[in-house]
Amino acid sequence: MRYKGIVFDLDGVICSTDEYHYQAWQALADRIGAAGFCLADNVRQRGVSRMESLEVVLEKAPRTYTEAEKVELATWKNEKYRSLLANMSPADLTDEVKSTLDALRAKGLKLAIGSSSKNAPFILERIGLGDYFDAVSDGNNITRSKPDPQVFCMAAQFLDLEPADCLVVEDAFSGIDAGIAGGFDTAGIGPAAGYEKAGYRLTSFSDLLGVV
Ligand code: BG6
Ligand code: MG
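Everything numeric here is computed off the predicted structure, so don't read it as measured data.

1. Re the overall build of the chain
- Counting its secondary structure elements, the chain contains 8 helices and 6 strands.
- In the chain, the order of α-helices and β-strands from amino to carboxyl end is β-α-α-α-α-α-β-α-β-α-β-α-β-β.
- Taking 2.2 N^0.38 as the reference for a compact globule, 212 residues should give roughly 17 Å; the C-alpha atoms of the chain span a radius of gyration of 17 Å, in line with that estimate.
- Looking at the chain as a whole, 50% of its 212 residues are labelled buried.
- Counted over contacts in the chain with a minimum sequence separation of 6, partners at least 24 positions apart contribute 62%.
- Separation of charge centres in the chain, based on 22 positive and 31 negative side chains, amounts to 1 Å.

Below, the structure is given as structure tokens:
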């Protein structure tokens, strides 16, 4: 086998919470009159922290905001986002993702999450994967978000593996850059499947079975 472990991004890889992020940011854009905020902007928000994601919306805002106002805006968005997450259930984990994860584990691979999100534990709980992964590295244990490799390096450490022995799976360009910077092989899915720097380009999550 080529790898000993796999580090998965969460939003847009394991589940479709990328769509909820987009809906919540869109609601904020509407609230503050940031006309023109669109899907291309949302793709740039993938992988980066909540406050950095906010800056992408504010590029289209008609005025500037103080730091305290920015915190209020980010909190407002997060509350909206969490109300969408609260409706999630194990039905939001697709059979394809679940059976692929099980098959990868059965091959002896260690499996971890490497997500910039502070909501990662809540999401994993909602979709029934609260205790599933061998390690979870997320927005709660990092100081720098992607494209910095910190979140993936910590995931590899938690698994007791070297980055060179792990594959990173990402839907974000910033996540592919982070994986490369940390010395990982990378696989792109969704928008990142079209990124020329991605080591493997996945059409579908189950393609991973042919990669490892
Ligand atoms: C990443 C998303 O997974 O988490 C980003 O791709 C988001 O768009 C980041 O900004 C932080 O998420 P949260 O849930 O902590 O606001
Ligand atoms: Mg993602």
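2. Looking at the site of ligand 1
- By nearness alone, 15 residues border ligand 1, and D11, V48, R50, S117 and K118 come closest of all.
- Within the side chain of R50, an N or O atom sits 2.7 Å from an oxygen atom of ligand 1.
- Its free accessible area being 390 Å², ligand 1 has 97% of it covered by the protein chains.
- Class assignment for the residues of the shell around ligand 1 results in 2 nonpolar, 9 polar and 4 charged.

3. Focus: the packing of aromatic side chains
- Under the definition given, this model contains 6 aromatic pairs.
- Here Y22 and F37 contribute two aromatic rings whose centre-to-centre distance is 5.9 Å and whose plane-to-plane angle is 50°, an arrangement assigned as tilted. Within this pair, whereas Y22 is found in helix α1 (residues 17-32), its partner F37 is found in the loop between α1 and α2 (39-45), the two being separated by 15 residues in sequence.
- Residue classification places F37 among the buried residues on the basis of a relative accessible area of 5%.
- Ring geometry for F152 and F184: centres 6.0 Å apart, planes at 65°, overall edge-to-face. With F152 in helix α7 (residues 150-159) and F184 in the loop between α8 (173-181) and β5 (185-188), the pair connects residues that are 32 residues apart, well separated along the chain. For the pair shown, F152 and F184 are each scored as buried.
- Chaining the aromatic ring pairs together yields one cluster made of F8, Y132, F133 and F205.
- The cationic tip of R105 hangs over the ring face of Y132; the distance from NZ or CZ to the ring centre is 4.3 Å.

4. A look at the domain arrangement of the chain
- For the chain, the assigned domains are domain 1 (5-15 + 89-210) and domain 2 (18-85).
- The straight-line distance from the C-alpha centre of domain 1 to that of domain 2 is 24 Å.
- Each partner contributes to the interface: domain 1 provides 16 residues, whereas domain 2 provides 14 residues.
- Taken over both partners, the interface formed by domain 1 and domain 2 buries close to 1,200 Å², and the fraction arising from carbon and sulfur atoms is 48%.
- Where domain 1 touches domain 2, the interface holds 1 salt bridge.

5. A word on the pairing of β5
- As paired elements, strand β4 (residues 166-170) and β5 share 4 bridges and run parallel to each other. Each bridged residue has a counterpart across the sheet, and for V168 the counterpart in β5 is T186.
- Sheet topology note: the β5/strand β6 (residues 200-201) ladder contains 2 bridges and is parallel. Within β6, the residue paired with A187 across the bridge is Y200.

Calculation criteria
- Residues numbered from 1 in each chain as written.
- Chains lettered and ligands numbered in written order.
- Predicted model: local features only at pLDDT ≥ 70, side-chain atom pairs only at ≥ 80, totals over all residues.
- Heavy atoms only, no water.
- Helix = DSSP H or I, 4+ residues; strand = E, 2+ residues; numbered from the N terminus.
- Rg over C-alpha atoms; globule rule 2.2 N^0.38 Å.
- Buried < 20%, exposed > 50% of the residue type's maximum accessible area, 1.4 Å probe, protein only.
- Contact = heavy atoms within 4.5 Å.
- Lys, Arg positive; Asp, Glu negative; His and termini not counted.
- Charge placed at Lys NZ, Arg CZ, Asp CG, Glu CD.
- Near = heavy atom within 4 Å.
- Polar contact = N/O pair within 3.5 Å; in protein donor to acceptor, adjacent residues only side chain to side chain.
- Areas by Shrake-Rupley, 256 points an atom, 1.4 Å probe, with all protein chains shown as cover.
- Nonpolar A, V, L, I, M, F, W, Y, C, P; charged D, E, K, R; others polar.
- Phe/Tyr/Trp six-rings, centres within 6.5 Å; stacked < 30°, edge-to-face > 60°.
- Lys NZ or Arg CZ within 6 Å of the ring centre and 35° of its normal.
- Domains from an automatic or database assignment.
- Buried area = accessible area lost by both parts, 1.4 Å probe.
- Salt bridge = Lys/Arg side-chain N within 4 Å of Asp/Glu carboxyl O.
- Pairing = 2+ DSSP bridges.

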